[in-house]
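Architecture at a glance
Below, each chain spelled out in residue letters.
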There are 2 protein chains.
Amino acid sequence: MLRLRNVTKIGNSLIPTFRSFSSPGLPELTQVRHNVKRGDYAELTGNDVTFFESLIGATNLLQDGPDDLQGYNVDFWHSVRGSSKLVLKPGSTGEISEILKYCNHRRLAVCVQGGNTGLVGGSVPVCDEIILSMARLNKILSIDDITGIVACESGVILENLDAKIREAGYVVPLDLGAKSSCHIGGNVSTNAGGLRVIRYGNLHGSVLGVEAVLANGQILDLMSDFKKDNTGYHLKHLFIGSEGTLGVVTKVAILCPAVSDSVHLAFLGLNSFEAVLQTFKNAKRYLGEILSSCEMIDSISLAASVDNLKLKSPIAGYPFYMLIETSGSNNEHDMEKLNKFLQLVMDKGDVIDGTYTGEPSKMQEIWKLREVLAPAMTKDGYLFTYDLSLPLRSFYDIVKVVEARVGHMAKRVCGFGHLGDLNLHLNVTCGEYSNDLYHQLEPFVFELTSKLGGSVSAEHGMGFLKSNYLKYSKSTEAIAMMRDIKHMLDPNKILNPYKILN
Amino acid sequence: MLRLRNVTKIGNSLIPTFRSFSSPGLPELTQVRHNVKRGDYAELTGNDVTFFESLIGATNLLQDGPDDLQGYNVDFWHSVRGSSKLVLKPGSTGEISEILKYCNHRRLAVCVQGGNTGLVGGSVPVCDEIILSMARLNKILSIDDITGIVACESGVILENLDAKIREAGYVVPLDLGAKSSCHIGGNVSTNAGGLRVIRYGNLHGSVLGVEAVLANGQILDLMSDFKKDNTGYHLKHLFIGSEGTLGVVTKVAILCPAVSDSVHLAFLGLNSFEAVLQTFKNAKRYLGEILSSCEMIDSISLAASVDNLKLKSPIAGYPFYMLIETSGSNNEHDMEKLNKFLQLVMDKGDVIDGTYTGEPSKMQEIWKLREVLAPAMTKDGYLFTYDLSLPLRSFYDIVKVVEARVGHMAKRVCGFGHLGDLNLHLNVTCGEYSNDLYHQLEPFVFELTSKLGGSVSAEHGMGFLKSNYLKYSKSTEAIAMMRDIKHMLDPNKILNPYKILN
């Protein structure tokens, strides 16, 4: 019988933020490690720099030695490194339009960068592309307090946007570990998923409009103040999830759900993946419309947060853990539903131990354990991370298969993820980047995923690191159509080259 | 104080179904009424018919005199009439592929037809296009009882699909008056909205995959068994809401929400539109996650169901009515929320009278009043119907403006709609089609909507009847991009010509 105690305070008040992680040293240049042939683009000249300076001002342009641009050239995971010599920080859609028009004419390649929290090498240059930072487009334009529709520029940081619209009684229908750094425009451009897709769906459903600048500088206004607009082709979806390769998203309009007065979080320990599955089914059934998150973590994953970051888990010693969150409008009703659910899963013997809380600071501490899992794993040295959609019945099998395959080559092989969305994050760590381990993992993981009928990128996108594996999830015809669309919108291929379609 | 009585039985057991309505007589040929110049397409020959016969069999081909094809050439509202001489009823994606390949080669124009319940002349030919009926592609392919993901062919009737998946504990996240006739493929192709968008969002969020056949016969497999798939461009959205002009949707995969154990429906009478707005705000606040529908009906609209169809309204005598539905997983909790809400809106004086019920047959009777509003109006003679997204603050003003403008030319000017989605259906009826009234209404209604910052088609699409008005909701650049995409996918313009982009 589970003792439902209040969660004890875990960790300490100096829990690291997402942005403060970094592996030691610099990764090898992407061009070298992955043997990339530079595209047939123009080389940056002094005249180019002069033009950009005159357009956006010298203070919004960084071009010192490559080391000074390290934060822009290297991704958050230290898995890829570009060699850009120029970062542009435009302050408006108009400036972006002028920049792209110029680059398109000159055939200068451009890498669009939001918060640089991407996990597939999509947000940093592969070679020497000019980096177009969206950081200065950070204005919230409007919040409709009746409908919950918010319009903002694309460089607004997710956490800031969420904080602001919470004041009006709404929340961004998106939450993820990188929220303190990632930009909403990056989220939209990558169709980011995260922790609450089970409740609020994906961004194709909640993004009502975008403004995007095409490669030739044309500004495409597809913004909307409405939930419903069936006037012709729904073009905005071309920019949601195309990772900046078809246009630069400069504004977004999002339909936000009302903030929930009552939120609870349970952290549960289970003895088998079968018990995890049964508990998921019962969560759907008994928590119904208030279920807002359903996460699974295996013990090897959790150990990364506990061992590498010295966070404390409220319970320990189980092979599997689940985080189950409810969000509703009536505390009493929600508690009753949650209690009924917890009683049932304990009585069935699926959940062995656990704890739950409705206190915001304590929930945040538990969430932190989950949110920092992947960054914590980078402390092992180097992290290979795979973001797969898999059928529930074979959801966890791949972890065991890969573990057996790589043996002692890896420090850690583990899985966690958004069980409620059939989305597994498979992780393999080692002391430092190993080409041998890389070749043990790829394309094996993608081939297996494809055989299981899964998707080789559930929410992280293809970026640079997965772009070779598109064929495992897309048909030849679909890839051909993608190329046609790319050619139509960016014939000179200046936007985010080497990404998605390499 | 509102007396919360159980709803009394209304209407009779012979409430007409959506399909049984029809205005007397045939409308004028669209080509004549709207002065349409036939496109530069080939004329159908005996050889063509022989080819189609050999492909799909003589029994799946209709080509008798034009009168015999009336049900295919005339829309449900009797507002448009084509002059097709051939209906093809293929039975598989492969057959559709062969048909389109042939038509593309021969430059024969094709009109794709689902349940023919469209409201903008999109589902019938404008001239003599070959009609491609999807009626035989009516197989449900799979229902995943853990995830609620259903895959089916596009010709499955919405009501049939819903009934089948309810057996597995799920519902289609879409409900509309035409459900007994409309096809799910037509719903997807038109991005149909309906009664529960406020709860389940639009189809761009819930459709996980489609299979589509392109104009050249190529089969594009974009089906998916997963909620999350970020492998490259999200091409499926090009086929959601493009009304069959970019490809023929042959299969769909949809994520379906769990069936609600507890459903309640309130029918309320209110004295002003301001009271309607306040009640909507309070419904969002007090019903929170269980609010599944929020509809507004004005008295002139309701009178159409009551007078023209002899349905009985449970309450009468108010200028405005609202239907508020809740769907949840716990009857006791839901009743408590609903009671609290009703008590509040009565105490505030916003709701004057009303009734609510949780009994399925009684809810169905109340819903029928709402669902047959527009068909009931066709009994006046001829119906001009407008489907607008408007800001809430000026949501109802347009009804009064139009009423003043058309004066005695109209029998009825009224508004109802999905208030919760900011979607107004503005309706104007007259004894028979009047060109003078038409010109009083159009483009005036669209100009005014555009001035108010609204959308000229919230959920019905552009079809043929609204295709001239695209410019009121789409920028020049967006229209140009739509043309580029159309040209890329259907260079010979054989698919649904004269629709959307005329």
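Refer to the structure printed above.
1. Some remarks on the pattern of salt bridges
Tallying each qualifying case throughout the model produces 46 salt bridges over all chains. With a closest N to O distance of 3.9 Å, A:Glu289 and A:Lys337 form a salt bridge. You can see A:Glu289 sitting in the loop between helix 9 (273–287) and strand 12 (291–298) and its partner A:Lys337 sitting in helix 11 (residues 331–347), a full 48 residues away along the chain. A salt bridge links B:Lys228 to A:Glu459; the shortest N-O distance between them is 2.8 Å. Here A:Glu459 lies in the loop between helix 16 (444–451) and helix 17 (476–489) and B:Lys228 lies in the loop between strand 9 (219–222) and strand 10 (248–255), a pairing that spans two chains. We classify B:Lys228 as buried; its relative accessible area is 5%. The class for A:Glu459 is buried, based on a relative accessible area of 8%.

2. Here's the deal with the nonpolar core
A general feature of soluble globular proteins is that nonpolar side chains tend to end up buried together. In this structure, A:Ile184, A:Phe239, B:Ile184 and B:Phe239 are the most contacted members of the largest nonpolar core, which totals 199 residues. Residue contacts for A:Phe239: discarding those within four places in its chain leaves A:Val188, A:Ser189, A:Val210, A:Ala212, A:Leu214, A:Leu220, A:Leu222, A:Leu246, A:Gly247, A:Val249 and B:Met481.

3. So, the pairing of strand 5 (residues 130–133) of chain A
Residue and element names in this part refer to chain A. Covered by surrounding structure in strand 5 are Ile130 and Leu132 together with Ile131 and Ser133, the residues of both alternating faces. Here strand 3 (residues 87–88) runs beside strand 5; their pairing, made up of two bridges, is parallel. Within the sheet, the bridge partner assigned to valine 87 lies in strand 5 and is isoleucine 131.

4. Some points on the relation of the copies chain A and chain B
Taken as rigid bodies, chain A and chain B are interconverted by a rotation of 180 degrees and an axial shift of 0.0 Å, the fit giving an RMSD of 0.0 Å. Look at the turn and shift together and you get a two-fold axis relating the two. Residue A:Gly205 of chain A places its C-alpha closer to the rotation axis than any other residue of that unit, at 1.9 Å. In this assembly the copies share their binding face: 100% of the residues contributing to the interface of chain A also contribute to that of chain B.

5. A closer look at the interface of chain A and chain B
Taken together, the 86 residues of chain A in the interface contact 86 residues of chain B. Of the roughly 6700 Å² buried between chain A and chain B on both sides combined, carbon and sulfur atoms contribute 61%. Its largest share of buried area at the contact with chain B, chain A owes to A:Lys228, A:Asn230 and A:Tyr233, together 15% of the area lost on that side. Here A:Asp421 and B:Lys228 are joined by a salt bridge, their closest N and O atoms 3.5 Å apart. Summed over the shared surface of chain A and chain B, the result is 42 residue pairs in polar contact (both at pLDDT 80 or more). Within the residue set of the side of chain A that touches chain B, elements represented by two or more residues are helix 7 (197–200), helix 8 (203–206), strand 9 (219–222), helix 9, helix 11 and helix 17 of chain A. The leading source of residues in the side of chain A that touches chain B is helix 17 of chain A, at nine residues.

6. What to know about the packing of aromatic side chains
On inspection of all chains with the given rule, the structure shows 36 aromatic pairs over all chains. Relative to B:Tyr438, the ring of B:Phe384 lies with its centre 6.3 Å away and its plane at 20 degrees, an arrangement referred to as stacked. On the criterion of sequence distance, the pair formed by B:Phe384 in strand 15 (residues 382–389) and B:Tyr438 in helix 15 (residues 435–441) is long-range, its members being 54 residues apart. The same class applies to B:Phe384 as to B:Tyr438, namely buried. These aromatic residues form a ring-pair network of at least three members: A:Phe273, A:Phe320, A:Phe395 and A:Tyr396. A cation over an aromatic ring shows up here: A:Arg33 above the ring of A:Tyr433, its NZ or CZ 3.7 Å from the ring centre.

About the cut-offs
Residues numbered from 1 in each chain as written. Chains lettered and ligands numbered in written order. Predicted model: local features only at pLDDT ≥ 70, side-chain atom pairs only at ≥ 80, totals over all residues. Heavy atoms only, no water. Salt bridge = Lys/Arg side-chain N within 4 Å of Asp/Glu carboxyl O. Helix = DSSP H or I, 4+ residues; strand = E, 2+ residues; numbered from the N terminus. Buried < 20%, exposed > 50% of the residue type's maximum accessible area, 1.4 Å probe, protein only. Core = buried A, V, L, I, M, F, W, Y, C linked by side-chain atoms within 4.5 Å. Contact = heavy atoms within 4.5 Å. Pairing = 2+ DSSP bridges. Least-squares fit on C-alpha atoms with pLDDT ≥ 70 in both. Buried area = accessible area lost by both parts, 1.4 Å probe. Polar contact = N/O pair within 3.5 Å; in protein donor to acceptor, adjacent residues only side chain to side chain. Phe/Tyr/Trp six-rings, centres within 6.5 Å; stacked < 30°, edge-to-face > 60°. Lys NZ or Arg CZ within 6 Å of the ring centre and 35° of its normal.

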